[in-house]
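# Tertiary structure, described
Spelled out from the first residue to the last, the chains are:
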Amino acid sequence: MGAMSSPKLSIHSPQQIWLRQFFIQRRQQLGISQRTLASKLGVVHSFVGKVETGDRRLDVFEFVQYCNALELDSVEVLQQISQIFYAE
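Here the structure is a predicted model, which means the values were calculated and not measured.

Definitions and limits used
- Residues numbered from 1 in each chain as written.
- Predicted model: local features only at pLDDT ≥ 70, side-chain atom pairs only at ≥ 80, totals over all residues.
- Heavy atoms only, no water.
- Helix = DSSP H or I, 4+ residues; strand = E, 2+ residues; numbered from the N terminus.
- Polar contact = N/O pair within 3.5 Å; in protein donor to acceptor, adjacent residues only side chain to side chain.
- Patch = residues over 30% accessible without salt bridge, like charges linked within 9 Å, V, L, I, M, F, W, Y side chains within 5 Å.
- Areas by Shrake-Rupley, 256 points an atom, 1.4 Å probe, with all protein chains shown as cover.
- Salt bridge = Lys/Arg side-chain N within 4 Å of Asp/Glu carboxyl O.
- Core = buried A, V, L, I, M, F, W, Y, C linked by side-chain atoms within 4.5 Å.
- Buried < 20%, exposed > 50% of the residue type's maximum accessible area, 1.4 Å probe, protein only.
- Contact = heavy atoms within 4.5 Å.
- Phe/Tyr/Trp six-rings, centres within 6.5 Å; stacked < 30°, edge-to-face > 60°.

With that settled, consider the environment of Asp 73. Residue placement: Asp 73 occurs in the loop between helix H4 (60-69) and helix H5 (74-85). Here Val 75 takes part through its backbone nitrogen, which lies 2.8 Å from a polar atom of the side chain of Asp 73.

Shown next, in the form of structure tokens:
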């Protein structure tokens, strides 16, 4: 594994921006609103808005739930992230 400059990435890092855009695109592909996604997650709709703007980051358990609500396989999303940003 390559060296990490910082284990906590900025909300402005390419990885965080990519993930936010990926989630937004998927939500739009499904044709659901932020409110509908929030309902599926069992959270207030502002939570989804904050995730999509980068004001709120997801922990690993929230990430899995978020992927499930978007009908995504969280392992596949992580593999994609790894291939894009951490392939050696």
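Side chains of Val 60, Phe 61 and Val 64 sit close together on the surface and give an oily, nonpolar patch of about 300 Å² of accessible area. Following the sequence through the fold, Phe 61 ends up in helix H4.

If you look at the biggest cluster of nonpolar residues, it comprises 19 residues, and the most contacted ones within it are Phe 23, Leu 37, Tyr 66 and Val 77. Taken together, the elements giving at least two residues each to this core come down to helix H1 (14-30), helix H2 (34-41), helix H3 (45-53), H4 and H5. Apart from the residues lying within four places of it in its own chain, the contact partners of Phe 23 are Leu 58, Phe 63, Tyr 66, Cys 67, Leu 70 and Leu 72.

Counting across every chain of the model gives 6 aromatic pairs. Between Phe 22 and Phe 23, the ring centres sit 6.2 Å apart and the planes meet at 50°, which makes this aromatic pair tilted. The pair formed by Phe 22 and Phe 23 is uniform in burial state, with each residue classed as buried. Consider the rings of Phe 23 and Phe 63, whose centres lie 6.0 Å apart with planes at 45°: the pair is tilted. Taken together, the residues span a long stretch of sequence, with Phe 23 in helix H1 and Phe 63 in helix H4 at a distance of 40 residues. Comparing Phe 23 with Phe 63, the two get one shared label, buried. In textbook terms, an aromatic cluster arises when at least three aromatic residues are bridged by ring pairs, as seen for Trp 18, Phe 22, Phe 23, Phe 63, Tyr 66, Phe 85 and Tyr 86.

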